[in-house]
Amino acid sequence: MLPRAFPIRDAIRAALLTAGLYALVVAAIIYSGHISQRNFVDQNRFHLRAIFRFSDQWPRLDFSNYESATTPGYHVTLAFLHVWLTSDLTALRWFAMLFGVATVALLAFALARRLPWPHAVVLAMPLAASPYVMASGAYLLPDNSAWWLVLAIFLVALRPRVGTPTLIFSGVLLASLVLFRQIHLWAAGLVWVAAAAQVLTPADDDGWPAGRLAVPVLDFARPLELVRRVLIAVVCTLPAFMIIAAFVRLWGGLAPPSFHAGRADPETNMATPVAGFNLATPGFILAILAFIAVPLLGYLWPVRRQLSPGLAALGAGVGFAIAAAPPSSWSLQAGRYSGLWNLARFAPQTTVLDRSLPIIALATVGGAVLAVVLALLSRRERLIFAAALAGFVAAHTLGALAWQRYFEPFVIMWATLAIACIARRAGSRPPGWAALGPLALTIVLTFAAWGSMA
């Protein structure tokens, strides 16, 4: 039987080993002086310019317009280091690497509290090997600074007890998060659901028998307590909404004016319009979920008898419908390029009526995996994982760009944490061969990272 939580010393061991391996690879890239054209251009054209702008303005910073589509937390942090510690670009990259180190370490720590630490390391390695997490560690790109805080809020929501102090802490984390990336305001919903779940489900709940098609039974016996806790959660997240409202008023939109449609600088191509929506995003995220989660399914072996083919078929049908409804061909203009979108680009014969058959097939599998995974979680975990994915998908659907770099790290964190929660709930140690799947995924992602940095 697995303990309810593994020792902290094992979790620290897993965190240090995973973060050490990640840091070793990223440090080698930085030390080598290798220049990845794609990431170097992104760094120099956008983020380094924003860092230098704030460095030159220090301490009177002007956020009304600058060279990044994100809120300025990352760039202000690096500008502070540039002003007070070092003006060396390589040294700034060493400091920026720490965001990635913290992210993979935190994931490994959380997994090792739910699984034996060697399995935790294996499950955390796909995040460390992700081309996007790797690139954001090796170059001055802001992604990891936000993923670290997203993961922290997710883990706080998964705590067995979410009282008022925890909600206040979540509000602080959320306010910090939206200062680094405004699109992650969706995580406020995660805080609200975590507060409600504390009342709707008992902390030791195991939900309905796993894998069955059933209506979740939630406890509405304490409506006043439910309303009270949700109101506290809403109040705790208000600072984040006020921060975003201030930036929207300053910018006249959800991004600095340079990134509004029709405002791009033709000489530098500084602005990529990010406003709008992309209906291909939900199906594409399901496709990424299939790519990431299928290699992890060996960890479900102890609960294989609880799997419902009917539930998997229902999820597959929903996934197919979501992916088949909007166009899913490779399109530069529509923001559908890079990552798995290349399946549509390099195999155009598989595109029918502007729909990519490989993307639709992957999304169908992703829908099945999603249904099975949610059913195997406890009621409380199911609410939190469903809220996290729904909020993330909704927020990014309201963006114009369906880029894999925006989605893959979150999907890896979501899938590995869900698998770990299910494995702990199963009560028995995962089979050793289950580690082969995430190891294979890590190898694939490592080659993808190598190719993206060539």
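Residues numbered from 1 in each chain as written. Predicted model: local features only at pLDDT ≥ 70, side-chain atom pairs only at ≥ 80, totals over all residues. Heavy atoms only, no water.

**A closer look at helix H12 (residues 309-324)**
Since the α-helix advances by 3.6 residues per turn, residues separated by three or four positions end up pointing in the same direction.
Thinking step 1. Compared with the 22 Å implied by 1.5 Å per residue over 16 residues, the 22 Å span of H12 between its first and last C-alpha is a close match.
Thinking step 2. Among all positions in H12, only Leu-311, Gly-315, Ala-316, Gly-319 and Ala-323 are buried. In a view along the axis of H12, the buried residues occupy a sector of 135 degrees, so they form one face of it.
Thinking step 3. For H12, the secondary structure elements touched by its buried residues are helix H11 (281-293) and helix H14 (357-376). (Helix = DSSP H or I, 4+ residues; strand = E, 2+ residues; numbered from the N terminus. Expected span 1.5 Å × (residues − 1). Buried < 20%, exposed > 50% of the residue type's maximum accessible area, 1.4 Å probe, protein only. Arc of directions from axis to C-beta. Contact = heavy atoms within 4.5 Å.)

**Here's the deal with the side chain of Ser-170**
Thinking step 1. Secondary-structure assignment places Ser-170 in helix H8 (residues 164-180).
Thinking step 2. In contact with Ser-170, other than residues within four places in its own chain, are Val-156 and Val-191.

**What to know about the packing of aromatic side chains**
Working definition: an aromatic ring pair is given by the centre-to-centre distance plus the angle between the planes.
Thinking step 1. Taken as a whole, this structure holds 25 aromatic pairs when the rule is applied.
Thinking step 2. Here the aromatic rings of Phe-392 and Phe-407 are separated by 6.3 Å at their centres, their planes lie at 85 degrees, and the arrangement is edge-to-face. Residue Phe-392 is found in helix H15 (residues 379-397), and its partner Phe-407 is found in helix H16 (residues 404-426); the two are separated by 15 residues along the sequence. Each of the two residues, Phe-392 as well as Phe-407, counts as buried. (Phe/Tyr/Trp six-rings, centres within 6.5 Å; stacked < 30°, edge-to-face > 60°.)

**So, the nonpolar core**
Thinking step 1. Ranked by internal contacts, the top residues of the largest apolar core, which has 141 residues, are Phe-385 and Trp-414.
Thinking step 2. Per-element accounting of this core gives the leading share, 15 residues, to H16.
Thinking step 3. Not counting residues up to four positions away in its chain, the partners in contact with Trp-414 are Phe-154, Leu-289, Leu-370, Val-373, Leu-374, Phe-385, Ala-388 and Leu-389. (Core = buried A, V, L, I, M, F, W, Y, C linked by side-chain atoms within 4.5 Å.)

**Some points on the confidence of the model for the protein**
Thinking step 1. Across the protein, pLDDT averages 91, with 92% of residues at or above 70.
Thinking step 2. Between residues 207-215, whose pLDDT stays under 50, and residues either more than four places distant or in other chains, the model counts 22 contacts.
Thinking step 3. Across residues 264-271, confidence stays below pLDDT 50; counting only partners more than four residues off in sequence or on other chains, it has 15 contacts. (pLDDT = per-residue confidence, 0-100.)

**Some points on the packing of helix H4 (residues 89-112) against H16**
Thinking step 1. The N-to-C vectors of H4 and H16 enclose an angle of 15 degrees; their axes lie 9 Å apart at closest approach. Accordingly, the angle class assigned to the pair H4 and H16 is roughly parallel. Between H4 and H16 lies a crossing of right-handed hand. Along the contact surface, H4 presents Leu-107, Ala-110 and Leu-111, while H16 presents Met-413, Thr-416, Leu-417 and Ala-420.
Thinking step 2. For the contact of H4 with H16, the residue count by class is 6 nonpolar, 1 polar and no charged. (Axes fitted to C-alpha atoms, helices over the stretch in contact; angles between N-to-C directions. Parallel < 35°, antiparallel > 145°, perpendicular 65-115°, else oblique. Left-handed = near helix turned anticlockwise from the far one by under 90°. Nonpolar A, V, L, I, M, F, W, Y, C, P; charged D, E, K, R; others polar.)

**Details of helix H9 (residues 187-200)**
Thinking step 1. For H9, built from 14 residues, the straight-helix expectation of 20 Å at 1.5 Å per residue is met to within 8% by its first-to-last C-alpha distance of 20 Å.
Thinking step 2. Burial analysis of H9 places 11 of its 14 residues in the buried class, the great majority of the element.
Thinking step 3. Buried within H9 are the following residues: Ala-187, Ala-188, Leu-190, Val-191, Ala-194, Ala-195, Ala-196, Ala-197, Gln-198, Val-199 and Leu-200.

**Quick notes on the pattern of salt bridges**
Thinking step 1. Applying the stated criterion to the full structure yields 7 salt bridges.
Thinking step 2. Put simply, Arg-405 and Asp-42 hold a salt bridge, and the shortest N to O gap is 3.0 Å. Within this pair, whereas Arg-405 is found in helix H16, its partner Asp-42 is found in helix H2 (residues 37-57), the two being separated by 363 residues in sequence. By the burial criterion, Arg-405 is buried, and Asp-42 matches it.
Thinking step 3. A salt bridge links Arg-405 to Asp-143; the nearest nitrogen and oxygen atoms lie 3.3 Å apart. You can see Arg-405 sitting in helix H16 and its partner Asp-143 sitting in helix H7 (residues 143-157), a full 262 residues away along the chain. Here the two residues Arg-405 and Asp-143 agree in accessibility, since each one is buried. (Salt bridge = Lys/Arg side-chain N within 4 Å of Asp/Glu carboxyl O.)

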